[in-house]
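These are the residues of each chain, in order.
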Amino acid sequence: MNQQPFEEFENELTDIEEGKLLYQIWLQPKETLKYILKNCPEKYMIVLFMLGGIVDAISRASDKGLGDSRSTLSVLLIAFLFGGIFGLITNFIYAWALSVTGQWLKGKANASKFRTVIAWSLVPSIASLFLIIPELIILGDDLFKSEPIVDTAVKSIAWFIFGIMEITLGVWTIIILVKGIAMVQNFTIGKAILNMILPILIILAPFMLLLLIVSI
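Just so it is clear, the model here is predicted, and its values are computed rather than measured.

J.: What is the right way to read the overall build of the chain from this model?
T.: Helix and strand counts for the chain come out as 10 helices and 0 strands. Listing the helices and strands of the chain from first to last along the sequence gives α-α-α-α-α-α-α-α-α-α. With the C-alpha coordinates of the chain rotated into their principal frame, the extents come out at 70 × 50 × 30 Å. For the chain, the accessible surface area stands at approximately 12900 Å², while carbon and sulfur atoms represent 68% of it. For the chain, the separation between the mean place of its 16 positive charges and that of its 18 negative charges on side chains is 9 Å.

Here's what the structure looks like:
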């Protein structure tokens, strides 16, 4: 009776290869995460956290128009230097917060499992770093401007295509994260989504309360 689940679990891992994890996480996220958690839970973790932080820093720099007051090179240097450190710290904190809020939902996964899931869910988002060079070639300094000059059809099409690609990669990151949370917590997808957003809601709640008080 106890042997069957273990055998099924082993069979699910037969197609996963350690040398192809960065590829297989895209197409077989659940099976790949199971393999990683069982065989190499800390593989690439720090690097993935830091690269994920760099992606987030570049995105924020573009959204906030940091290119209005800084050169493109300085914006990228700041993103790479501080984004990596910030990503490392925030993802460790987020993993801990997921384990705490997950316990409220009767989940049992610890922070170390969440760190693995978060790190590997970032792979699609990190892939957006490969878009930086073509973005800089086509869009130039406008990439980080609050009011970019879109004076050609090529730039207009480029903004649209790059935007769609980045959104798609971001959505795939969320999908892998939700699947990973559901797996390690033995949750439904809906409960996994709740576990994912609870830490964010708790962090935002004091600011929303303060904003409400000030506005009264």
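Moving on from the model shown.
J.: Which parts of the structure should I look at to understand the nonpolar core?
T.: If you look at soluble globular proteins, the nonpolar side chains tend to sit buried side by side. Judged by nonpolar contacts, the single largest core of 34 residues is most densely connected at Leu21, Phe114, Ile118, Trp120, Leu177 and Ile181. For this core, the secondary structure elements donating two or more residues are helix 2 (21-27), helix 3 (29-39), helix 4 (45-63), helix 5 (72-104), helix 6 (111-121), helix 7 (123-126), helix 9 (153-185) and helix 10 (189-215). Take this core: its biggest share by element is 7 residues, from helix 9. Ignoring anything within four residues of it in the chain, the contact list for Phe114 reads Ala95, Leu98, Ser99, Ala109, Ile181, Val184, Gln185 and Asn195. Val75, Ala79, Ile132 and Leu139 belong to the second-largest nonpolar core, a separate cluster that totals 14 residues.

J.: What's the story with helix 4 in this structure? I'm lost.
T.: Because an α-helix completes one turn every 3.6 residues, residues spaced three or four positions apart along the sequence face the same direction. With 19 residues, helix 4 extends 27 Å from end C-alpha to end C-alpha; this agrees with the ideal 27 Å at 1.5 Å per step. Among all positions of helix 4, only Met45, Leu48, Phe49, Gly52, Gly53, Ile54, Val55, Ala57, Ile58 and Ala61 are buried. Where helix 4 is buried, its residues touch helix 5, helix 6, helix 7 and helix 8 (132-139). Phi turns positive, to about 65 degrees, at Gly65, one or two residues after helix 4.

J.: Which parts of the structure should I look at to understand the side chain of Thr72?
T.: Take Thr72: it is sitting in helix 5. Within the structure, the side chain of Thr72 is placed 2.6 Å from the side chain of Asp141, a separation counted as a polar contact. Beyond its immediate sequence surroundings of up to four residues, Thr72 is in contact with Leu136, Asp141 and Phe144.

Rules of the game
Residues numbered from 1 in each chain as written. Predicted model: local features only at pLDDT ≥ 70, side-chain atom pairs only at ≥ 80, totals over all residues. Heavy atoms only, no water. Helix = DSSP H or I, 4+ residues; strand = E, 2+ residues; numbered from the N terminus. Areas by Shrake-Rupley, 256 points an atom, 1.4 Å probe, with all protein chains shown as cover. Lys, Arg positive; Asp, Glu negative; His and termini not counted. Charge placed at Lys NZ, Arg CZ, Asp CG, Glu CD. Core = buried A, V, L, I, M, F, W, Y, C linked by side-chain atoms within 4.5 Å. Buried < 20%, exposed > 50% of the residue type's maximum accessible area, 1.4 Å probe, protein only. Contact = heavy atoms within 4.5 Å. Expected span 1.5 Å × (residues − 1). Polar contact = N/O pair within 3.5 Å; in protein donor to acceptor, adjacent residues only side chain to side chain.

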